[in-house]
Amino acid sequence: MVEAVIWDFGGVLTSSPFEAFNRYEAERGLARDFIRSINATNPDTNAWALFERSECSLDEFDRLFAEESEAKGARIPGRDIIELLSGDIRPEMVTALKRCKERAKVGCITNNVSAGTGAGMARSSEKAAAVQEIMSLFDHVIESSKAGIRKPDPRIYAMACEALGVSAAASVYLDDLGINLKPARALGMTTIKVMTPEQALRDLEAAVGFSVT
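The rules behind the values
Residues numbered from 1 in each chain as written. Predicted model: local features only at pLDDT ≥ 70, side-chain atom pairs only at ≥ 80, totals over all residues. Heavy atoms only, no water. Salt bridge = Lys/Arg side-chain N within 4 Å of Asp/Glu carboxyl O. Helix = DSSP H or I, 4+ residues; strand = E, 2+ residues; numbered from the N terminus. Buried < 20%, exposed > 50% of the residue type's maximum accessible area, 1.4 Å probe, protein only. Contact = heavy atoms within 4.5 Å. Phe/Tyr/Trp six-rings, centres within 6.5 Å; stacked < 30°, edge-to-face > 60°. Pairing = 2+ DSSP bridges. Axes fitted to C-alpha atoms, helices over the stretch in contact; angles between N-to-C directions.

Q: Mind showing me how you'd approach the pattern of salt bridges here?
A: Any two side chains of opposite charge can pair, so long as their charged atoms come close to each other. A complete count under the given rule lists twelve salt bridges for this structure. Among the salt bridges present, the one from K151 reaches D8, with a minimum N-O distance of 2.9 Å. Of this pair, K151 sits in the loop between α8 (144-147) and α9 (154-164) while D8 sits in the loop between β1 (4-7) and α1 (17-27), and the two are 143 residues apart along the sequence. Neither K151 nor D8 differs from the other in exposure class; each is buried. Salt-bridge contacts for R150 lead to E52; the nearest nitrogen and oxygen are separated by 2.7 Å. With R150 in the loop between α8 and α9 and E52 in helix α3 (residues 47-52), this residue pair connects regions lying 98 residues apart in the sequence.

In structure tokens, the structure reads:
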């Protein structure tokens, strides 16, 4: 029996920032997924990793990311990347969150940075208010920028289960990145890779055994 449903935020409850990355790349004549390739290089120690763990400031991230991208062929200020992070809210996924909350505990594990407003890194007051409304639904939220550790560190999933008072085996975890799902699955969680809202909702209903729409 599922006792908890634990959610990633960006790319799950909102559209993926990778879509915004690809638009940015296309506008500037860069190779598709160039930005992701930078984030995948030295993934535990690069500028992105440091910022998500709050081990560098916004100004330092701006400089470090620019240096890392320049080394790969195109200088991109880190601040440009921050502007692309806050995706559009997916209403159907928020509805599913509410349905899950009616029958189970709900939590959130999000890798984020200390920029913008709130856990969703919103760039406007209206967006920040909408994100805060969603965040208020969770029984517990873990933000990498506050916890000092980030996915896919296995400790962050164990922290979420402990905070919710559930076992990993009784939990479902949704994320849009396979690298973040692997350690959750290794702990015993049922994992769902979110590729589209429609697919995710089908998989979630199969996992929890009740309608989430």
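After that view, the rundown keeps rolling.
Q: I would appreciate a short explanation of the environment of I81 in the present structure.
A: Summarising the element assignment, I81 is placed in helix α5 (residues 78-82). In this structure I81 comes out as buried when scored by relative accessible area, which is 0%. It is 8.7 Å that separates the C-alpha atoms of I81 and D62, two residues lying 19 residues apart in sequence. Among residues more than four places away in sequence, those in contact with I81 are F21, I35, W48, F65 and I76.

Q: Sorry, what's going on with the packing of aromatic side chains here?
A: Given two aromatic rings, one states the distance between the centres and the angle between the planes to describe the pair. Applying the stated rule across the entire model yields five aromatic pairs. Judged by centre distance (5.9 Å) and plane angle (55 degrees), the rings of F18 and F21 are tilted. Of this pair, F18 and F21 both sit in helix α1, three residues apart, roughly one helical turn. Judged by relative accessible area, F18 falls into the buried class, the value being 18%. Ring plane angle 40 degrees and centroid distance 5.6 Å describe the contact between F61 and F65, whose orientation is recorded as tilted. In this pair, F61 and F65 both sit in helix α4 (residues 58-71), four residues apart, roughly one turn of the helix.

Q: What is the right way to read the sheet that holds strand β4 (residues 171-175) from this model?
A: Sheet architecture is open: five strands sit in the order β3-β2-β1-β4-β5, paired in parallel fashion. Of all the strands in the sheet, the pair left with one neighbour each is β3 (140-143) and β5 (190-193). Neighbouring strand axes in the sheet, compared pairwise and without regard to direction, differ in orientation by 15 degrees on average. Inspection of the sheet shows β1 paired to β4 by four bridges, in the parallel sense. When the sheet's bridge partners are listed, I6 is paired in β4 with Y173.

Q: It is not clear to me how the pairing of β1 should be interpreted in this structure. Could you clarify?
A: Because side chains alternate across β1, one face comprises the buried residues A4 and I6, and the other comprises V5 and W7, equally buried. Both β1 and strand β2 (residues 105-110) contribute to a ladder of four bridges, which runs parallel. By the bridge assignment, V5 is partnered in β2 with V106.

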